[in-house]
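# Understanding the architecture of this molecule
Letter by letter, the chains look like this.
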Amino acid sequence: MKHLRSISEIGAEGLLRILNLTESMAEINTRSVPKVPALRGKTVVSLFFEDSTRTRLSFETAAKRLSAETMNFSISTSSVNKGESLRDTIETITDMGVDAFVVRHKSVGVPWQISQWTNASIINAGDGAHQHPTQALVDCFTVREALGSQDLSGLNLTIVGDIKHSRVARSNIQAFCLLGANITLVAPPTLLPLNIEHWPVKVSNDLDAVLASTNVLYMLRLQSERMAQGLVPSLHEYSTRYGLDERRVAALQSSAVVMHPGPMNRGVEMLIDPSDIPNSLIHRQVTNGVSVRMAVLFDLLSAEEM
Amino acid sequence: MTIVIKGGSIVGANGITSADVLVENDVIVKVGKNLTGDTTLDASGCHIFPGFVDLHAHLREPGREDTETIETASRAGAKGGYTALIAMPNTNPAHDSVTVIEFVREQGRKAGLLDVFPSGCITMGRQGEALAPLAELSAAGVRIFTDDGSGVQDPVLMGRAMQYAKSLGVTMAQHCEVSALTQGAVMNECGCSSDMGVPGWPAIAEEMMVQRDIEMSRITGASVHFLHLSTARSVDLVRDAKAQGLNVTAEVTPHHLSLTQELLTTFDPVYKVNPPLRSMKDIQALKVGLLDGTIDAVATDHAPHARRDKELTLDQAPPGMIGLETALGVVLSAVDLDPVQIAAVMSRNPARIAQITEQHGHNISVGDIAHLCVVDLDALWQVDPSKMASKSRNTPFVGRQLRGMVRSTMYRGQITVQDGVAQK
């Protein structure tokens, strides 16, 4: 595996390999000194053209725990601000000798475009509304861990919110589908993509109608700019119909778990404090983020020498 | 000084005849068997067409001479068999004054490789707010007006433009796109755009404006030409309008006849174009429309862009692809047109729409200005951007094998292209 730009690119085989590798990485992270020399001599560059807290920090932590060198690229102090093109930026950094780019960009397709301009591995940390494959790996790993089962076939996953603009949803649909889960998307019609008859999902506009059959409830962030675009009549209407409150948590099966990729919009999609949700996996998602990204880096960068 | 084009099949309006063509200075002086002249241009095994006419070329001069000039575009056009180009108005400054119109025409004359006919803007600066000086531009010789690059959104303004067009006897050419429906769009609205998470350019954004302008043509009697039709429903709308006797015409580009939306899943901005590549169903409808005469002409929408601009991200990169040198090959590889139909859609119909029939789109008879091209309809060739005359390289057909090759082009009796090579 050279790149991780989408879940479909690595397929079921790559997905399962990384999830299994994550188990070993999670073990490393329980040690008193969570550091191994696996990627000594390798250099990983974080190239975040868009803001990020958890993805960026977890990648950097992951690289350090595997003893890779990290280069941190800050757009605001770089030559990108002087108008340097994406291609020149990539070629310049490549010339310094790097093994992987971790890239986040607001524009769809950037990880594919830049892979023409470098021989380094590309890890997509989010491209527009398209893909965020490591988040999906984190979520699959977290669900397997919570259920204590590697087998997710027949699991009912419900993803709620702004599916249309969500890279997390697109990656998770691909990933959970490969693992055999049944997926239901819940959103107002204006926040669902058009022409998705070929997606392996069921679609509903009614959250309350699907809660009872849900095993995993996945809440997405609603960006306030969707209001400005007129995609929802009001935040109040949205949160009334699609927000997670105590009543809806109570309507879930007692074994059902709740997830959110962060950052949360409290008072919009999250009307309940996450600490009041009995089976919230939100903190596990963050913790597992480091182990999963260690597994991804190890899989991409150690395989080269074999 | 005489040139004889020997051994070819002449494609007239009503059929094909095997004969030689004798050209003296810039005029066809004889058509017949066994002619001789001072110079011979071999056309054996080839068809002789009236020089092609492109209704839709972006020449980028003035303003973006780094991507194309009127001279380089003229050379590219000559290689594609063209002897006339209609220059689109979205230059900087735009074609909204007699000064710019005369500049473009003069640059074309200086290049001397084909006739450059500037279109005029419908609105000042193509801003869609105030009418350009239509009568003044018309008096300066402009016969076709468009804001191409964008459509005229305001129906009140468009109605007035059509009233003017009717009285001046000029054609209004519309880029049909309701821009409120295409904000941020990078490709057709379809399953792929949803997979990719990008805003789509829905078919209805084109069809609403086609419908509006058909109705306005009905009211005003103005002659309306639809640029680069791209959807099945647009073809149906134009077909119905023609059946009702309305004064409308339409064109299709080679890329909309041959490439589909799925190419965008490579994220390569070379496939980004406006209107966007559509579905196979749309392609089928466009082909039917071209064959049954609903669509009058093939037009290139030749749109050169600098490499650095096409290396921007998919949402930032400008739309458009070059097409002058590949148009015939792409069309013949995609649609089964006979030689008489080729002459109609590549030369005679576009010349009629552009109102340049005095010198272009003729029947290859004695007395006609010698604007001709010699085409080997069966020749297969491969697209190699490094051999292109255009200053830009943004072709989506790199490495494709095409059928139908322009061997030679004659402009005003001068050979501009021989054996596929530009002569000046």
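Residues numbered from 1 in each chain as written. Chains lettered and ligands numbered in written order. Predicted model: local features only at pLDDT ≥ 70, side-chain atom pairs only at ≥ 80, totals over all residues. Heavy atoms only, no water.

Here we take up the overall build of chain B. Looking only at helices and strands, one finds 11 helices and 21 strands in chain B. Against the 2.2 N^0.38 benchmark of 22 Å for 424 residues, chain B shows a C-alpha radius of gyration of 20 Å, consistent with a compact globule. Projected onto the principal axes, the alpha-carbon positions of chain B cover approximately 60 × 50 × 40 Å. Taking all 424 residues of chain B together, 63% fall into the buried category. Within chain B, counting contacts between residues at least 6 apart in sequence, those at least 24 apart form 74% of the total. Accessible surface, chain B: about 14,900 Å² in total, of which carbon and sulfur atoms supply 50%. Each charge class in chain B was averaged separately, 36 positive and 48 negative side chains, and the resulting centres sit 2 Å apart. (Helix = DSSP H or I, 4+ residues; strand = E, 2+ residues; numbered from the N terminus. Rg over C-alpha atoms; globule rule 2.2 N^0.38 Å. Buried < 20%, exposed > 50% of the residue type's maximum accessible area, 1.4 Å probe, protein only. Contact = heavy atoms within 4.5 Å. Areas by Shrake-Rupley, 256 points an atom, 1.4 Å probe, with all protein chains shown as cover. Lys, Arg positive; Asp, Glu negative; His and termini not counted. Charge placed at Lys NZ, Arg CZ, Asp CG, Glu CD.)

Further remarks concern the domain arrangement of chain B. Residues and elements named next belong to chain B. For chain B, the assigned domains are domain 1 (2–45) and domain 2 (51–359 + 378–398). Each of domain 1 and domain 2 has a C-alpha centre, and the two are 32 Å apart. Taken together, the contact between domain 1 and domain 2 spans 5 residues of the former and 4 residues of the latter. A combined buried area of about 350 Å² lies between domain 1 and domain 2, and 71% of that area is made up of carbon and sulfur atoms. Among the residues of domain 1 in contact with domain 2, Val11, Ala13 and Ile16 are the three that bury the most area, contributing 84% of the side total. Applying the counting criterion to the domain 1 and domain 2 interface returns 1 residue pair in polar contact (both at pLDDT 80 or more). Its residues placed into classes, the side of domain 1 that touches domain 2 shows 3 nonpolar, 2 polar and no charged. (Domains from an automatic or database assignment. Buried area = accessible area lost by both parts, 1.4 Å probe. Polar contact = N/O pair within 3.5 Å; in protein donor to acceptor, adjacent residues only side chain to side chain. Nonpolar A, V, L, I, M, F, W, Y, C, P; charged D, E, K, R; others polar.)

Attention shifts here to the sheet that holds strand S10 (residues 115–118) of chain B. All names here are of chain B. Here we have 3 strands laid out as an open sheet, ordered S8-S9-S10, and parallel in their pairing. Two strands close off the open sheet at either side, each with one partner strand: strand S8 (52–57) and S10. Taken over all neighbouring pairs, the strand axes of this sheet differ in orientation by 20° on average, direction set aside. With 4 bridges joining them, S8 and strand S9 (residues 82–87) adopt parallel strand pairing. (Pairing = 2+ DSSP bridges. Axes fitted to C-alpha atoms, helices over the stretch in contact; angles between N-to-C directions.)

Quick look at the pairing of strand S15 (residues 223–226) of chain B now. Residues and elements named next belong to chain B. Here S15 shows no split at all, with Ser223 and His225 on one side and Val224 and Phe226 on the other all buried. Examined bridge by bridge, strand S12 (residues 171–174) and S15 share 4 bridges and lie parallel to one another. Each residue of the ladder has a partner; that of methionine 172, found in S15, is valine 224. The sheet contact formed by S15 and strand S16 (residues 248–252) spans 3 bridges and is parallel. Of the residues in S16, the one forming a bridge with phenylalanine 226 is alanine 250. For the crossover that starts at S15, traverses helix H7 (residues 232–243) and ends in the parallel S16, the hand is right-handed. (Right-handed = clockwise from strand over helix to strand, strands pointing away.)

Residues and elements named next belong to chain B. A surface patch of nonpolar side chains, about 250 Å² in accessible area, is lined by Leu181, Ile204 and Met208. Among the structural elements, isoleucine 204 can be located in helix H6 (residues 203–220). Residue classification places isoleucine 204 among the partly exposed residues on the basis of a relative accessible area of 43%. (Patch = residues over 30% accessible without salt bridge, like charges linked within 9 Å, V, L, I, M, F, W, Y side chains within 5 Å. Salt bridge = Lys/Arg side-chain N within 4 Å of Asp/Glu carboxyl O.)

Residue and element names in this part refer to chain A. Within the open sheet, the 5 strands sit side by side as S7-S6-S5-S8-S9. Their pairing is parallel. Single-partner strands in this sheet number two, and they are strand S7 (202–204) and strand S9 (257–259). On average, each strand axis in the sheet is inclined to that of its neighbour by 20°, with strand direction left out of account. Bridge count for strand S8 (residues 216–219) against S9 is 3 bridges, and the pairing is parallel. Its bridge partner being in S9, leucine 217 is matched across the sheet by valine 258.

This part is about unusual backbone geometry. Residues and elements named next belong to chain B. With omega at 5°, the peptide bond leading from glutamate 61 into proline 62 counts as cis. Structurally, the position occupied by proline 62 is in the loop between S8 and helix H1 (70–79). With an omega dihedral of 0°, the bond running from asparagine 92 to proline 93 counts as a cis peptide bond. Looking at where proline 93 falls in the secondary structure, it is placed in the loop between S9 and helix H2 (98–111).

Quick look at helix H1 (residues 7–28) of chain A now. Residues and elements named next belong to chain A. Helix length check: H1 (22 residues) gives 25 Å between terminal C-alpha atoms against 32 Å at 1.5 Å per residue, more than 12% under. Roughly 70° is the biggest bend found in H1, and it falls at glutamate 13. Inspection of H1 places Ile7, Ile10, Gly11, Gly14, Leu15, Ile18, Leu19, Leu21, Thr22, Met25 and Ile28 among the buried residues, and these make up the whole buried set. Buried residues along H1 sit in contact with helix H5 (133–147), helix H6 (167–178) and helix H11 (282–302). (Expected span 1.5 Å × (residues − 1). Bend = angle between axes of the 7 residues up to and from the residue.)

Residue and element names in this part refer to chain B. Counted by the stated rule, this structure contains 31 salt bridges over all chains. Two residues, aspartate 292 and arginine 239, come together in a salt bridge whose shortest N-O distance is 2.9 Å. Of this pair, aspartate 292 sits in helix H8 (residues 280–292) while arginine 239 sits in helix H7; the two residues are 53 residues apart in sequence, bridging distant segments of the chain. Judged by relative accessible area, aspartate 292 falls into the partly exposed class, the value being 42%. Classification of arginine 239 by relative accessible area gives partly exposed; the value is 27%. Salt-bridge contacts for aspartate 378 lead to arginine 403; the nearest nitrogen and oxygen are separated by 3.8 Å. Residue aspartate 378 is found in strand S18 (residues 372–382), and its partner arginine 403 is found in strand S19 (residues 401–411); the two are separated by 25 residues along the sequence.

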